[in-house]
Amino acid sequence: MKIVVISDTHGSLDAWKAIVPFLDGADMLFHCGDILYHGPRNSMPSGYAPGSLVEELARLPFPVIAARGNCDSDVDRSVCPFPLASPFAFTVMDGARFLLTHGDIYNEEESLALAERWNIDLFMSGHTHIASLSSRGGRTFLNPGSPTLPKNFPGLAIIEG
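Residues numbered from 1 in each chain as written. Predicted model: local features only at pLDDT ≥ 70, side-chain atom pairs only at ≥ 80, totals over all residues. Heavy atoms only, no water.

Caption draft 1: A look at the overall build of the protein chain. Within the protein chain one finds four helices and ten strands. The helix and strand sequence of the protein chain, counted from the amino end, reads β-α-β-α-β-α-β-β-β-α-β-β-β-β. Its C-alpha atoms give the protein chain a radius of gyration of 14 Å, within 12% of the compact-globule value 15 Å for 161 residues. Considering only C-alpha atoms, the protein chain reaches an extent of 40 × 35 × 30 Å along its principal axes. Counting across all 161 residues of the protein chain, residues that qualify as buried make up 48%. When contacts within the protein chain are restricted to residue pairs at least 6 apart in sequence, long-range pairs at least 24 apart make up 62% of them. Accessible surface for the protein chain amounts to roughly 7,600 Å². Of this, 53% is attributable to carbon and sulfur atoms. Once the 11 positive and 18 negative side-chain charges of the protein chain are each reduced to a mean point, those two points are 2 Å apart. (Helix = DSSP H or I, 4+ residues; strand = E, 2+ residues; numbered from the N terminus. Rg over C-alpha atoms; globule rule 2.2 N^0.38 Å. Buried < 20%, exposed > 50% of the residue type's maximum accessible area, 1.4 Å probe, protein only. Contact = heavy atoms within 4.5 Å. Areas by Shrake-Rupley, 256 points an atom, 1.4 Å probe, with all protein chains shown as cover. Lys, Arg positive; Asp, Glu negative; His and termini not counted. Charge placed at Lys NZ, Arg CZ, Asp CG, Glu CD.)

Dropping the structure here:
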């Protein structure tokens, strides 16, 4: 199984085109929110084309599980070709428990408490645009960063197993 994890695309078709080669052979996409709109605090991203990005997402041949980000509006929810879960999305695959949230609601302590309470194997969030991978309390925490407005390096993670 191959799962691609992204976050904070902010409507950039250019960023999406950079992600597409990594989707080859993917079985699922996890998106940690801020899908279409760049937000009032961010600059206009390169290749900003949210309508075209929606068309690209609609063509994906596999499921997308997405959490609603702080920049995702009700209009974004109405045009996305998949549900935007809020404040988090939860799924179980092959016995592994995955939780996605944007990262703007739960602080580190609350995230750990939620991961422990729900026995989460992989807790994913975005929001900071800073990619990271860590382990706390026997749980794995992943932030893929942002392919659109990265603060350390372009964001994408691949889970294989």
